[in-house]
Amino acid sequence: MNTQNKFELERDTRLKYQFLRFKTGIYNIIHKKWTWFAVVAYIFIAIVIKYWLDNWTYDASDIGMTINNIGFRMMFPFLSIGGFIVLIVFLGTPKEAKKINQSLNIVGLVNHAGQSPLLLKRYKENSITIMEFEPNGIPLSDWDDKKEDIETALNMHVENIRYGKSRAKIVLQTISGNENLPEVVHWKDKYLSDEDFILIFGQSRTGQTKINLAKIPHILLGGSTGSGKSVLLKLLIMQCVKKDAEVFIADFKGGVDFLPVWHERCNIITEENALLEILTDLVDELENRKQVFREYGCANISEYNKMNAPKIKRIVFACDEVAEVLDKTGLSKDAKELVTQIEGKLSILARQGRAFGIHLILATQRPDATILSGQIRNNIDFRVCGRADNVLSQIILDNTNAADKIPKDSQGLFITHDGVIFKGYLFDEKAVFTH
Ligand SMILES: Nc1ncnc2c1ncn2[C@@H]1O[C@H](COP(=O)(O)OP(=O)(O)OP(=O)(O)O)[C@@H](O)[C@H]1O
Ligand SMILES: [Mg+2]
């Protein structure tokens, strides 16, 4: 790009920026009452000046004064309109906009012409500060890649980066860099969602972490021993039970994790042959549902359950240590065959379960990429990991965030695959089913 082009580009960008600030200023005048004071004050001062100009007594023989007076009077409408435009641009400029733009420039969040994004709006919602940017041609993936640099530059946690209403805006949800999550957050029964089929995981800095199994059907939980996987798994299963799903739990860890309350409400499987039988039944059930939905012309379980037909329940299959079930090392030929069959059934459920209301919640602590076949893993879209080493974090999340961001001594602290850190709710498993 030659100097002339560069100059023109910079001028155009500056003009575009001023126009965007002007638009935001108009928006602020319409929506924010405090801006009215500035507008009223401006109009008042303009009227006073106009009055003063109109009543300015001067000596007509003083030719210099006369020219000045006539000049001012003629210029006044233009000056006052120009001033008003400047005021609107000022009202459309968020606090610290320049500093924030410079910080983004310093960390290299710039387009090919070296320009950083433009901060359009900045406002608070509870403890969250929302920042809206005109991305200036910088794609969302670049923002994601530079998330940590942005956090350092702004001294804020960036909880979420997404497009605004259109792709012409990028929205950052941020929280003060000094704010920490509490050591323990207790589950309250009122958190249970009555929406089909939202499960709540815990508390992040920007609110609750939750997913809707109707949209994202399966969950993978990872974390080293003692990170809080079983507690989180049980928190999710508890909600499934309360939401009247049918729950199957594969527990191959000796049965110590599940107290009698769970045995009363869920089907607990502790042996491989029984597991294969159950999974075979679940795949048969999936085929049945396929048939029924086809007859009724429904695309999925939510649609079907809205019809005037016998309701069907969602089914949740949970496994606390999936590696214990799927690891084939050191097994006999027959045992390997059994595991292969179990794996095959889980793959079918992972691929097809969503529409038919059959969901998998799998937990693992073993950092071994060969345990979870690609078929299963690739179909699990919601993945969270507690404290972990690089290898486990990479297997669960496809990045090393859990190793980098979850302190090694933390319990019940997790990070989602898209970078949200949350504290899982702690609950009293003996008491929770009594109310
Ligand atoms: N959400 C939480 N908040 C506070 N403390 C927690 C939370 N979750 C777990 N803990 C603490 O961590 C301990 C270990 O949790 P948990 O048994 O779930 O770990 P785990 O990852 O399943 O370990 P393992 O892999 O050995 O089974 C719990 O006994 C509890 O004291
Ligand atoms: Mg456990």
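Just so it is clear, the structure is predicted and the values come from calculations on it, not from any experiment.

A. Molecular detail of the site of ligand 1. Around ligand 1 sit 15 residues in total, of which Thr 225, Gly 226, Lys 229, Ser 230 and Gln 365 are the nearest. For ligand 1, an oxygen atom lies 2.8 Å from a polar atom in the backbone of Gly 226. At 2.8 Å, a backbone N or O of Gly 424 approaches a nitrogen atom of ligand 1. Burial of ligand 1 by the protein chains amounts to 75% of its free accessible area of 630 Å². Residue assignment for the shell around ligand 1 shows that the elements contributing at least two residues are α7 (229-242) and β15 (421-426). Of the residues contributing to the shell around ligand 1, the split by class is two nonpolar, ten polar and three charged.

B. Looking closely at the pattern of salt bridges. Evaluation of the coordinates by the stated rule reveals 19 salt bridges. Residue Asp 54 pairs with Lys 50 through a salt bridge whose shortest N-O separation is 3.1 Å. On the criterion of helical spacing, the pair formed by Asp 54 and Lys 50 is a turn pair, its members being four residues apart in helix α2 (residues 34-54). For Asp 54, a relative accessible area of 38% translates into the label partly exposed.

C. Structural detail: the sheet that holds strand β1 (residues 118-125). Strand order in this open sheet of four strands is β1-β2-β4-β3, and the pairing throughout is antiparallel. This sheet does not close on itself; its edge strands, each paired only once, are β1 and β3 (156-163). Averaged over all neighbouring strand pairs, the angle between strand axes comes to 20°, with direction disregarded. Note: β3 against strand β4 (residues 170-176), seven bridges, orientation antiparallel. The residue bridging Val 158 from the neighbouring strand is Thr 174, located in β4.

D. Main features of the domain arrangement of the chain. Each assigned domain of the chain is listed with its residue range as follows: domain 1 (3-91), domain 2 (97-176) and domain 3 (185-426). On a C-alpha basis, the centroid separation for the pair domain 1 and domain 2 is 31 Å. Each side of the interface is counted separately: domain 1 has nine residues, and domain 2 has twelve residues. Taking both partners together, domain 1 and domain 2 bury about 880 Å²; carbon and sulfur atoms supply 54% of that area. Between domain 1 and domain 2 we count one salt bridge in total. A salt bridge links Glu 134 to Lys 16; the shortest N-O distance between them is 3.2 Å. Applying the counting criterion to the domain 1 and domain 2 interface returns five residue pairs in polar contact (both at pLDDT 80 or more). Of the residues assigned to the side of domain 1 that touches domain 2, the class counts are four nonpolar, two polar and three charged.

E. Main features of helix α9 (residues 272-296). In a regular helix each residue adds 1.5 Å, so 25 residues correspond to 36 Å; α9 covers 36 Å between its end C-alpha atoms and thus fits that length. For α9, the full list of buried residues reads Leu 275, Leu 276, Ile 278, Leu 279, Leu 282, Val 283, Leu 286, Arg 289 and Phe 293. Gly 297 occupies a position one or two residues after α9 and carries a positive phi of about 65°.

F. Highlighting the side chain of Lys 234. Mapped onto the elements of the fold, Lys 234 is located in helix α7. Residues in contact with Lys 234, not counting those within four places in the same chain, are Asp 257, Phe 258, Trp 262, Phe 427 and Glu 429.

G. Structural detail: the nonpolar core. The biggest cluster of nonpolar side chains holds 50 residues, and the ones touching the most others in it are Leu 275, Phe 317, Leu 326, Ile 342 and Leu 362. The contacts of Ile 342, once residues within four sequence positions are left out, are Glu 272, Leu 275, Leu 276, Leu 279, Val 325 and Leu 326. If you look at the next biggest cluster of nonpolar residues, it comprises 38 residues, including Ile 200, Leu 236, Val 316 and Ala 363.

H. Structural context of the pairing of strand β13 (residues 382-385). Neither face of β13 is left uncovered, since the one carrying Phe 382 and Val 384 and the one carrying Arg 383 and Cys 385 both have all their residues buried. The pairing of strand β8 (residues 219-222) with β13 spans four bridges and is parallel. Bridging from a neighbouring strand, Leu 220 pairs with Arg 383 of β13. Note that β13 and strand β14 (residues 413-416) share two bridges and pair antiparallel.

I. Region of the structure containing the packing of α9 against helix α12 (residues 333-356). At a minimum axis distance of 9 Å, the contact between α9 and α12 shows a crossing angle of 30°. In this view, α9 runs roughly parallel relative to α12, as classed from their interaxial angle. Taken as a pair, α9 and α12 cross one another with a handedness that is left-handed. A per-class count over the contact of α9 with α12 returns 14 nonpolar, five polar and five charged.

J. Just the packing of helix α1 (residues 3-31) against helix α3 (residues 63-91), in detail. In contact at an axis separation of 6 Å, α1 and α3 are set at 80° when each is read in the N-to-C sense. Classified by the interaxial angle, the pair formed by α1 and α3 is roughly perpendicular. Residues Gln 18, Arg 21, Phe 22, Gly 25, Ile 26, Asn 28 and Ile 29 of α1 form the contact with α3, whose participating residues are Ile 85, Ile 88, Val 89 and Leu 91. Of the residues in the contact of α1 with α3, the class split is seven nonpolar, three polar and one charged.

K. Looking closely at a nonpolar patch on the surface. Residues Phe 44, Ile 45, Val 48, Ile 49 and Trp 52 make up a contiguous nonpolar surface patch of roughly 520 Å² in combined accessible area. Residue placement: Ile 49 occurs in helix α2.

Quick notes on the rules
- Numbers given for residues are sequential positions, taken from 1 along each chain in its written order.
- In the order they appear in the text, chains get letters beginning with A and ligands get numbers beginning with 1.
- Owing to the predicted nature of the model, reporting of local features is limited to residues with pLDDT of at least 70; listing and counting of side-chain atom pairs is limited to 80 or more, with chain, interface and lining totals taken over all residues.
- Note that the side-chain values use all heavy atoms of the structure and ignore hydrogens as well as water.
- Here a residue is considered near a molecule or strand provided that any single heavy atom belonging to it is located within 4 Å of it.
- Any pair of N or O atoms that falls within 3.5 Å is considered a polar contact. Within protein, one atom must be able to donate a hydrogen and the other to accept it, and sequence-neighbouring residues count only if both atoms are side-chain atoms.
- In this description, accessible areas are obtained by the Shrake-Rupley approach with a 1.4 Å probe, and a residue is regarded as covered only by the protein chains that are shown.
- Counting from the N terminus, the helices are DSSP H or I runs at least four residues long and the strands are E runs at least two residues long.
- Gly is put with the polar residues, along with every residue not named as nonpolar or charged; the nonpolar set is Ala, Val, Leu, Ile, Met, Phe, Trp, Tyr, Cys and Pro, and the charged set is Asp, Glu, Lys and Arg.
- By convention in these notes, a salt bridge is any Lys or Arg side-chain nitrogen within 4 Å of a carboxyl oxygen on Asp or Glu.
- Three exposure classes are used, based on accessible area relative to the maximum for each residue type with a 1.4 Å probe and protein chains only: buried under 20%, partly exposed in between, and exposed over 50%.
- A strand pair is defined by DSSP finding two or more bridges across the two strands.
- Where helices are involved, their axes are fitted lines through C-alpha atoms of the stretch in contact, as for all axes, and angles between N-to-C directions lie from 0 to 180°.
- Note that domain bounds follow an automatic or database assignment of domains.
- Contacts are assigned to residue pairs with any non-hydrogen atoms lying within 4.5 Å of each other.
- Take the accessible area each of two parts loses on contact, using a 1.4 Å probe, and add the two losses: that sum is the buried area.
- In this scheme, a helix's expected span is set at 1.5 Å multiplied by one less than its residue total.
- In this text, buried Ala, Val, Leu, Ile, Met, Phe, Trp, Tyr and Cys residues form a nonpolar core when linked through side-chain atoms within 4.5 Å.
- Roughly parallel means an angle under 35 degrees; roughly antiparallel means over 145; roughly perpendicular covers 65 to 115; every other angle is labelled oblique.
- Helix crossings fall into two classes, left-handed where the near helix is turned counterclockwise from the far one by less than a right angle and right-handed where it is turned clockwise.
- Two distance rules govern patches: like charges are joined within 9 Å, and nonpolar side chains (Val, Leu, Ile, Met, Phe, Trp, Tyr) within 5 Å, applied only to residues with over 30% relative accessible area and no salt bridge.

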